Amino acid sequence: MFFTELDAKFMSEALNEAKIAATEGEIPVGAVIVKDCSIIATAHNNREATGDATGHAEILAIRKACEEVGGWHLEKCTLYVTLEPCPMCMGAIINLWVLQVNILLIMMGIIIQ
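The structure displayed is predicted, hence computed values, not measured ones. (Residues numbered from 1 in each chain as written. Predicted model: local features only at pLDDT ≥ 70, side-chain atom pairs only at ≥ 80, totals over all residues. Heavy atoms only, no water.)

## Quick look at the nonpolar core
Membership of the largest hydrophobic core comes to 18 residues, with the highest contact counts inside it found for Ala31, Ile33, Ile62, Ala65 and Leu74. Looking at this core, the elements that each hand over two or more residues are strand 1 (30-35), strand 2 (38-44), helix 3 (57-69), strand 3 (77-81) and helix 4 (87-96). At 6 residues, the largest contribution of residues to this core is made by helix 3. Core analysis: the next-biggest nonpolar cluster, separate from the first, contains 6 residues, Phe10, Met11, Ala14 and Val34 among them. (Core = buried A, V, L, I, M, F, W, Y, C linked by side-chain atoms within 4.5 Å. Buried < 20%, exposed > 50% of the residue type's maximum accessible area, 1.4 Å probe, protein only. Helix = DSSP H or I, 4+ residues; strand = E, 2+ residues; numbered from the N terminus.)

Written out as structure tokens, the structure reads:
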């Protein structure tokens, strides 16, 4: 599977969220959740600001997306995240039945999917 232009757009939004986290003194991770080619949730890490250990970008985006769809099943959604999810976040992702997870990994200037 390869990234499409639309995937690149959504990953760019996740990167923007990560930049916001960095300017706020957080670990720079951003997440975007998409349903039917539309962004339904965006978030970035806020653990330091809130003192909440669950303040990971993925968890925060998941909470917003669940509120947006009116339930906890995100079956037809795609998550774009700028760093590989930790075990806590991956557990939440698995339980939500997310259709697809795209992770941006940058190694030596090469984008790997």
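## Some remarks on the pairing of strand 1
Strand residues, when the strand is regular, have side chains that alternate between the two faces of the sheet. Of all 6 residues that make up strand 1, 5 are buried, and the element is covered over most of its length. In the sheet, strand 1 pairs with strand 2 via 6 bridges, with the strands oriented antiparallel. Within the sheet, the bridge partner assigned to Ala31 lies in strand 2 and is Ala43. In this structure, the hairpin formed by strand 1 and strand 2 is closed by a connection of 2 residues, where Asp36 is found at a positive phi of approximately 55°. Both strand 1 and strand 3 contribute to a ladder of 5 bridges, which runs antiparallel. Bridge pairing in strand 3 links Ala31 to Val81. (Pairing = 2+ DSSP bridges.)

## Some words on helix 3
An ideal rise of 1.5 Å per residue puts 18 Å on 13 residues; helix 3 measures up with 18 Å between its terminal C-alpha atoms. Residues of helix 3 that are buried in the fold lie against strand 1, strand 2, strand 3 and helix 4. Just downstream of helix 3, Gly70 is the residue with a positive phi angle, here 80°. (Expected span 1.5 Å × (residues − 1). Contact = heavy atoms within 4.5 Å.)

## Remarks on the confidence of the model for the protein
For the protein, per-residue confidence averages 86 on the pLDDT scale, and 83% of positions sit at 70 or higher. Per-element confidence in the protein ranges from a low mean pLDDT of 41 for strand 6 (residues 110-112) to a high of 97 for strand 2. Here residues 106-113 scores under 50 on pLDDT; set against residues more than four positions off or in separate chains, the count is 11 contacts. (pLDDT = per-residue confidence, 0-100.)

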